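Observations on the three-dimensional arrangement
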Amino acid sequence: MAKYRVDIDKDTCIGCGVCASICPENWKMDDDGKANFISKESDVDCNKDAAENCPTTSIKVEEVG
Ligand code: SF4
């Protein structure tokens, strides 16, 4: 099964909360108002949805092998 890496650019994240609402198992909003990735049970489709819907394209999902 393919492995994926999920990255977030906190510099461009505007804290809109879309990722946390699309993919609450993997994203939560931090005290600094930015999104934080929680890597416990990573659902790649959910994270791809979050990446596609992030208004600032701050989320990257890449296959790593
Ligand atoms: Fe930040 Fe993008 Fe998540 Fe919005 S959807 S909180 S801009 S990472």
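Scroll up for the structure.
Quick look at the structure, then.

1. Remarks on unusual backbone geometry
Despite not being glycine, Thr 57 shows a phi value in the positive range, around 45°. Note on placement: Thr 57 falls in the loop between helix 2 (44–53) and strand 4 (59–63).

2. Describing the environment of Gly 15
Tracing the backbone through its elements, the reader meets Gly 15 in the loop between strand 1 (4–8) and helix 1 (18–22). Counting along the chain gives 20 residues from Gly 15 to Ala 35, while the straight-line C-alpha distance between them is 6.1 Å. Excluding anything up to four places from it in sequence, Gly 15 contacts Met 29 and Gly 33.

Cut-offs and rules
Residues numbered from 1 in each chain as written. Predicted model: local features only at pLDDT ≥ 70, side-chain atom pairs only at ≥ 80, totals over all residues. Heavy atoms only, no water. Helix = DSSP H or I, 4+ residues; strand = E, 2+ residues; numbered from the N terminus. Contact = heavy atoms within 4.5 Å.

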